Amino acid sequence: MDITRLIITAVGGQGNLLSSKVLGEAALLSDIPVRMSEIHGMAQRGGVVESALLFGDVKSTIISDGEADVLVSFEPAEALRAMNKCKSETVVITNLAPLPPFTVTIGSGAYPDIDKLQDLISSKVSRLIAFDAVALSKEAGNIMAVNMVLLGALAQTGILPLTVENIKTAIKTRTKKTFVETNLKAFDLGYSEAEKQN
Amino acid sequence: MHKLLVDNPGQKSLLLGNEAIARGAIEAGVAFTSTYPGTPSSEISLNFFQVSQESDLYFEYSTNEKVALEVASAAANSGVRSMCVMKHVGVNVAADALMTLAYVGVKKGLVILTADDPYMFSSQNEQDNRYYGKLSGLPILEPSSVDEAKEMIIHAFDLSEKLQEPVIFRTTTRINHSTAIVEYGALKERITKGDFTKDPFNYVTVPAVSRRLHVKLLENYKKSEELTNTSEYNFINGTGPYGIICNGVSYGYVSDAVNDLCIKDKVKVLRIGFSHPMPKSVIRDFFNGCEKILVIEEGEAYMEEAIKAIAQENKITIPIAGKTEDLLSRLYEFDPALVRESMAKYFNIPYKAIDKPDLTDIPEIPQRPPNLCAGCSHRATFYALQKASEGMETIIPNDIGCYTLGFMPPLSVGDFLICMGSSTGTAGGFAQTTDKKVISVIGDSTFFHSGIPGLINGVFNNHNFTLVILDNETTAMTGHQPNPGVDMKGLNFEGYGQISIEKVVKGLGVQHVTIIKPYKIRKSVEAIREALDFKGVSVIISKEPCTLYEKSLKKKQRKPFYVSDKCKKHKDCINDLGCPAFFIEDSNIKIDPAMCTGCAVCAQICPENAIMPVKDN
């Protein structure tokens with residue numbers, strides 16, 4: 001079975017771990033071997049949270065630099081920061097709504113220009129899907145559903161060995177009941193956005 | 001029902017490594033569990049804690065790792081299967097108990113879990129705890145994957161009972177914090193009560209007894225040598241002239257690399273899962289047919305040293321390599337590409353690295369370091385501490401917890417840190433040998449863990465320092481575990497005591513003790529100033545619940561603040577506090593109302609009084 005390597009990067013509190021859990025559960029439903037890893041601990045203190053997900057016949061739970069097939073970033077500058085994980089064939093999906101780190105506020109760093117950031121990423125990888133996932137999550141009725149919007153876009157690429165149906169089932173069983181409806185809506189909005197950008 | 005208590009053998013679940021370990025222990029019928037929380041091990045104990053709420057499993061957050069091991073050793077010697085969980089540096093704290101417990105042994109299974117942290121994702125060092133096996137003489141098991149961890153932990157209990165001694169179960173972060181599909185097994189019955197049979201000539205380790213017990217330990221060692229040589233956890237895959245010996249997560253990287261490099265017919269891999277004692281005869285046989293051997297292990301050259309010694313004993317002269325400058329490092333964690341490249345290099349296998357894009361034109365991305373939360377009471381205390389000590393030359397020994405993050409600018413509180421509790425002990429040394437004002441900073445949980453002896457030392461030896469105890473009523477850094485100062489009743493947990501830090505400090509004879517509410521800046525500064533003026537040991541207890549924990553408990557929230565148009569952009573709020581709720585929009589200073597917790601510290605330091613609470617609509 002082919003191996004697919006996915007990196008999800010986000011800022012603590014954006015719901016990265018839940019999206020990994022949904023994909024893991026979808027893999028379990030699809031009978032696809034999956035291994036994942038993540039770094040916990042500082043997430044709630046505003047740091048970066050990076051998850052690695054490996055689908056298929058593989059024993060490693062982490063992804064080396066230059067070896068991700070897909071990179072999903074919940075924040076534009078974090079997409080740029082995680083570019084070391086990409087190769088020229090990588091597909092990058094990123095939210096474009098910035099969450100400037102505190103270091104920018106205190107003047108010890110400048111936030112990258114969003115247009116230039118997109119040009120840079122597209123010039124280095126095979127495909128970039130970039131859009132304001134926060135706007136879409138608001139449209140879905142839950143500003144916290146950025147993770148689901150991005151899962152929708154990821155599903156649209158068809159890179160993961162998972163069906164849309166199984167991911168949706170995992171969203172139904174693994175996310176809080178009160179949010180299932182808005183989560184599914186967010187997922188669909190992300191899916192159509194990626195379709196538009198194809 | 002808790003997901004780890006489900007009695008449904010054959011069920012496949014997606015589990016975090018730490019959940020898989022807890023499930024394995026529950027399947028093994030573990031009945032007594034203890035810990036001091038520490039990343040990356042914390043979720044094991046969190047799951048035990050949750051399971052203990054709805055079953056007869058006993059679990060406790062012990063004061064520190066030494067106490068955790070002591071209670072577990074007594075339980076195991078009373079005939080109850082026990083497990084003691086800690087992070088790698090926790091074993092240093094427990095080591096005094098561990099070394100002689102190895103002599104005394106156990107009656108029922110005792111598994112000591114050490115969670116090592118290569119790369120130090122959340123630790124102060126990356127020591128390799130396999131050496132504790134050598135040091136104590138106890139067996140070590142180490143899994144290579146999440147699913148194997150669940151099975152291996154069951155075996156660890158059996159092994160402990162077979163040898164009548166504790167077994168060390170060593171994980172690394174990438175086992176603890178990886179997730180995989182795990183198949184549930186049957187649940188063994190929990191036997192929660194046992195009995196202790198008096199046998200002082202085997203239990204009371206006076207020299208005459210210990211001399212005999214050491215003999216017993218060495219005899220046991222022989223038994224474990226036999227067991228490691230026949231263990232299913234030391235297995236060989238494949239045949240070929242290239243020999244690889246590996247352990248832990250490296251086994252996964254090696255297996256993947258064998259596929260990636262298409263060298264299945266050329267490589268023989270020995271995976272060591274029972275790593276102390278090392279399986280001498282397995283390794284000796286493994287040498288047969290190998291042209292050269294590469295030892296792939298994170299951390300120290302623990303296996304490599306043993307393997308080279310075994311080769312020497314058997315007059316084997318084939319090249320054996322591992323930790324050399326151009327191959328594998330003693331530093332940090334490995335990754336699949338690093339292992340693949342090392343294998344290709346050592347065995348001269350053609351290998352083309354993946355085509356990585358040129359990233360040299362990517363601009364510098366602003367750092368996103370972890371920061372104290374918006375409204376964190378530590379920020380308030382640290383601000384007051386800096387104000388109170390303005391103009392003084394200070395040394396600030398800090399300690400381990402969220403508040404360690406205060407060493408970053410702009411708060412810059414923290415000058416010296418080596419281990420849990422070191423703030424109180426090192427304070428005396430700095431005070432004695434310098435003329436600077438020494439101000440130590442320690443959290444409530446760390447104070448109970450190992451800060452008290454240093455404070456006693458300060459009082460007894462009449463050192464001159466101020467200790468600031470940051471009492472946020474929880475163990476925040478590792479995920480809000482309780483500590484002995486926590487009001488458990490208030491959290492709806494019955495059957496706990498509560499220890500008052502104030503009474504402890506006063507009971508130790510500290511002459512100057514003040515309690516402050518850190519959000520009241522002016523009063524806090526005054527109180528800290530008085531404490532700094534005191535000659536001898538003075539203590540400030542800064543009492544304010546962790547704001548993140550309060551939020552998660554859905555306690556009543558204060559109103560957020562906003563920056564009104566009175567703001568003249570002095571930026572004291574931003575420059576002196578570094579609170580992440582602040583941001584700048586079109587050169588105006590703003591506060592994110594979703595992040596602001598209404599602590600009002602910024603409002604108190606604003607020279608224009610421009611920061612005000614958001615009004616009701």
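Remember, it's a predicted structure, so these values are computed and weren't measured experimentally. Residue positions are given per chain, counted from 1 along the sequence in the order it is written. Chains carry letters from A onward and ligands carry numbers from 1 onward, assigned in written order. With the structure being a predicted model, the display of local features is reserved for residues of pLDDT at least 70 and the display and counting of side-chain atom pairs for 80 or more, all residues being used for whole-chain, interface and lining totals. Hydrogens are left out, water is left out, and the side-chain values use all remaining heavy atoms of the structure.

Caption draft 1: Geometry of the overall build of chain A. Tallying secondary structure elements over chain A gives eight helices and six strands in all. Whereas a compact globule of 198 residues would reach a radius of gyration of roughly 16 Å, chain A reaches 16 Å, a difference of no more than 12%. Along the first, second and third principal axes, the C-alpha atoms of chain A reach 50 × 35 × 35 Å. Burial statistics for chain A: of 198 residues in total, 62% are counted as buried. When the 19 positive and 22 negative side-chain charges of chain A are each reduced to one mean point, those points stand 5 Å apart. By the criteria applied, helices consist of DSSP H or I runs no shorter than four residues and strands consist of E runs no shorter than two, each listed in order from the N terminus. We compute the radius of gyration over the C-alpha atoms and compare it with the globule rule, which gives 2.2 Å times the number of residues raised to the power 0.38. The cut-offs for exposure are 20% and 50% of the maximum accessible area for each residue type, with area from a 1.4 Å probe on protein chains only; residues under the lower value are buried, those over the upper are exposed, and the others partly exposed. Lys and Arg are tallied as positive, Asp and Glu as negative. Neither His nor the chain termini are counted. Think of each charge as sitting on NZ of Lys, CZ of Arg, CG of Asp or CD of Glu.

Caption draft 2: Structural view of the overall build of chain B. For chain B, the helix and strand inventory stands at 21 helices and 23 strands. At 27 Å, chain B has a C-alpha radius of gyration in line with the 25 Å of a compact globule built from 617 residues. Its C-alpha atoms give chain B principal-axis dimensions of about 80 × 70 × 55 Å. Going through the 617 residues of chain B one by one, you find that 58% of them count as buried. Sequence separation of at least 24 residues holds for 79% of the intrachain contacts in chain B that already meet a minimum separation of 6. Residue-level accessible areas treat just the shown protein chains as cover; the underlying method is Shrake-Rupley with a 1.4 Å probe. When the accessible surface of chain B is summed, it comes to about 25,800 Å², and 53% of that surface belongs to carbon and sulfur atoms. Here chain B contributes 65 positively and 73 negatively charged side chains, and the mean placements of these two sets differ by 3 Å. Should any heavy atoms of two residues lie within 4.5 Å, those residues are considered in contact.

Caption draft 3: Structural view of the environment of Gly133(B). All names here are of chain B. By secondary structure assignment, the location of Gly133 is in helix H5 (residues 131-136). Residue Gly133 is classed as buried on the basis of its relative accessible area, which comes to 0%. In sequence terms Gly133 and Arg170 are 37 residues apart; their C-alpha atoms lie 9.9 Å from each other. Not counting chain neighbours up to four residues away, the residues in contact with Gly133 comprise Leu138, Ile140, Ile168 and His276.

Caption draft 4: Quick look at the domain arrangement of chain B. Residue and element names in this part refer to chain B. Note that the domain bounds were set by an automatic or database domain assignment. Once the domains are mapped, chain B shows domain 1 (12-230), domain 2 (234-346), domain 3 (377-487 + 495-552) and domain 4 (561-613). For domain 3 versus domain 4, the distance between C-alpha centres works out to 27 Å. A 1.4 Å probe defines the accessible area here, and the buried area is the portion of it lost by two parts on being joined, summed over both. For the domain 3 and domain 4 pair, buried surface summed over both sides reaches about 940 Å², with 60% attributable to carbon and sulfur atoms. Salt bridge criterion: a side-chain nitrogen from Lys or Arg within 4 Å of a carboxyl oxygen from Asp or Glu. One can count zero salt bridges joining domain 3 with domain 4. Polar contacts here mean pairs of N or O atoms no more than 3.5 Å apart (in protein, one a potential hydrogen donor and the other a potential acceptor; neighbouring residues in sequence count only if both atoms are side-chain atoms). Where domain 3 packs against domain 4, one counts four residue pairs in polar contact (both at pLDDT 80 or more). Put simply, the parts of the chain that give the side of domain 3 that touches domain 4 at least two residues each are helix H14 (377-388), helix H18 (521-533) and helix H19 (547-552). Examining the composition of the side of domain 3 that touches domain 4, we find that three residues originate from one element, H14, more than from any other. Residue classes follow a fixed rule: Ala, Val, Leu, Ile, Met, Phe, Trp, Tyr, Cys and Pro count as nonpolar, while Asp, Glu, Lys and Arg count as charged, and any other residue, Gly among them, counts as polar. Per-class residue counts for the side of domain 3 that touches domain 4 are six nonpolar, one polar and four charged.

Caption draft 5: Structural view of the side chain of Lys437(B). All names here are of chain B. Its place among the elements puts Lys437 in strand S16 (residues 437-443). Buried and without a salt bridge, Lys437 has Asp533 as its closest oppositely charged side chain, separated by 7.2 Å. A polar side-chain atom of Lys437 sits 3.0 Å from the main-chain carbonyl oxygen of Leu532. Residues contacting Lys437, with those up to four places away along its chain left out, are Met392, Glu393, Thr394, Ile395, Asn464, Thr466, Leu532 and Phe534.

Caption draft 6: Broad picture of empty space enclosed by the protein. All names here are of chain B. Whether a set of points on the 1 Å grid over the protein atoms alone is a cavity depends on a 1.4 Å probe fitting there but being unable to get out, while an open set qualifies as a pocket with protein on both sides within 12 Å along at least five of seven lines; lining residues are those with an atom within 4 Å of a point. Grid points are joined across faces, edges and corners, and a volume is the space filled by probe spheres set on the points. Counted according to the given criterion, the structure contains eleven cavities of 30 Å³ or more. Forming the walls of the largest cavity are 17 residues, and the residues nearest its centre are Gly375, Cys579, Phe582, Cys599 and Cys602. Sorting the residues of the lining of the largest cavity by element identifies H14 and helix H21 (601-605) as the ones contributing at least two each. Here the lining of the largest cavity is composed, by residue class, of 13 nonpolar, three polar and one charged. Lining the second largest cavity are 13 residues, and of these Cys373, Cys376, His378, Cys402 and Cys546 lie nearest its centre.

Caption draft 7: Quick peek at the sheet that holds strand S3 (residues 48-55) of chain A. A pair of strands is treated as paired once DSSP finds two or more bridges between them. Spatially, eight strands are ordered S6(A)-S5(A)-S4(A)-S1(A)-S3(A)-S2(A)-S8(B)-S1(B) in an open sheet, and the strand pairing comes out mixed. The open sheet has two edge strands, strand S6 (127-131) of chain A together with strand S1 (12-16) of chain B, and neither has a second partner. On average, each strand axis in the sheet is inclined to that of its neighbour by 20°, with strand direction left out of account. With four bridges connecting them, strand S1 (residues 4-11) of chain A and strand S4 (residues 68-73) of chain A associate as parallel partners. Whenever a helix is involved, its axis is fitted only over the stretch in contact; in every case the axis is a line through C-alpha atoms, and angles between N-to-C directions fall within 0 to 180 degrees.

Caption draft 8: A look at the interface of chain A and chain B. With 53 residues of chain A at the contact, the number on the chain B side is 56 residues. Contact between chain A and chain B buries roughly 4,600 Å² in total, counting both sides, with carbon and sulfur atoms accounting for 61%. Between the two partners, chain A and chain B, sit five salt bridges. Between Glu78(A) and Arg368(B) there is a salt bridge, with its nearest N and O atoms 2.5 Å apart. Counting every contact that joins chain A to chain B gives 18 residue pairs in polar contact (both at pLDDT 80 or more). Those elements that provide at least two residues to the side of chain A that touches chain B are helix H1 (16-30), strand S2 (34-38), helix H2 (76-81), strand S5 (86-95), helix H3 (102-105) and helix H4 (114-124) of chain A. Looking at the side of chain A that touches chain B residue by residue, the classes come out as 24 nonpolar, 16 polar and 13 charged.

Caption draft 9: Region of the structure containing helix H13 (residues 336-346) of chain B. Residues and elements named next belong to chain B. The buried count for H13 comes to eight of eleven residues, which makes it a mostly enclosed element. Within the sequence span of H13, burial applies to Pro336, Ala337, Val339, Arg340, Ser342, Met343, Ala344 and Tyr346. Considering only its buried residues, H13 is in contact with strand S10 (242-247), helix H10 (250-260), strand S13 (292-296) and strand S14 (320-321). At the N-terminal boundary of H13, the capping side chain belongs to Asp335, with an oxygen 3.0 Å from the backbone nitrogen of Ala337. Phi turns positive one or two residues past the end of H13, at Asn348, with a value near 55°.

Caption draft 10: Up close: the packing of aromatic side chains. All names here are of chain B. Each aromatic pair joins two rings of Phe, Tyr and Trp (for Trp, the six-membered one) with centres within 6.5 Å, and gets the label stacked for planes under 30 degrees apart, edge-to-face for over 60, and tilted for any other angle. According to the stated counting rule, one finds 14 aromatic pairs over all chains in the structure shown. Through a chain of ring-to-ring contacts, the aromatic side chains of Phe49, Phe59, Tyr61 and Phe493 assemble into a single cluster. Charge-over-ring contacts are defined here by two conditions on Lys NZ or Arg CZ: a distance within 6 Å of the ring centre and an angle within 35 degrees of the ring normal. In this arrangement the basic side chain of Arg271 is found over the ring face of Tyr251, its NZ or CZ atom lying 5.8 Å from the centre.

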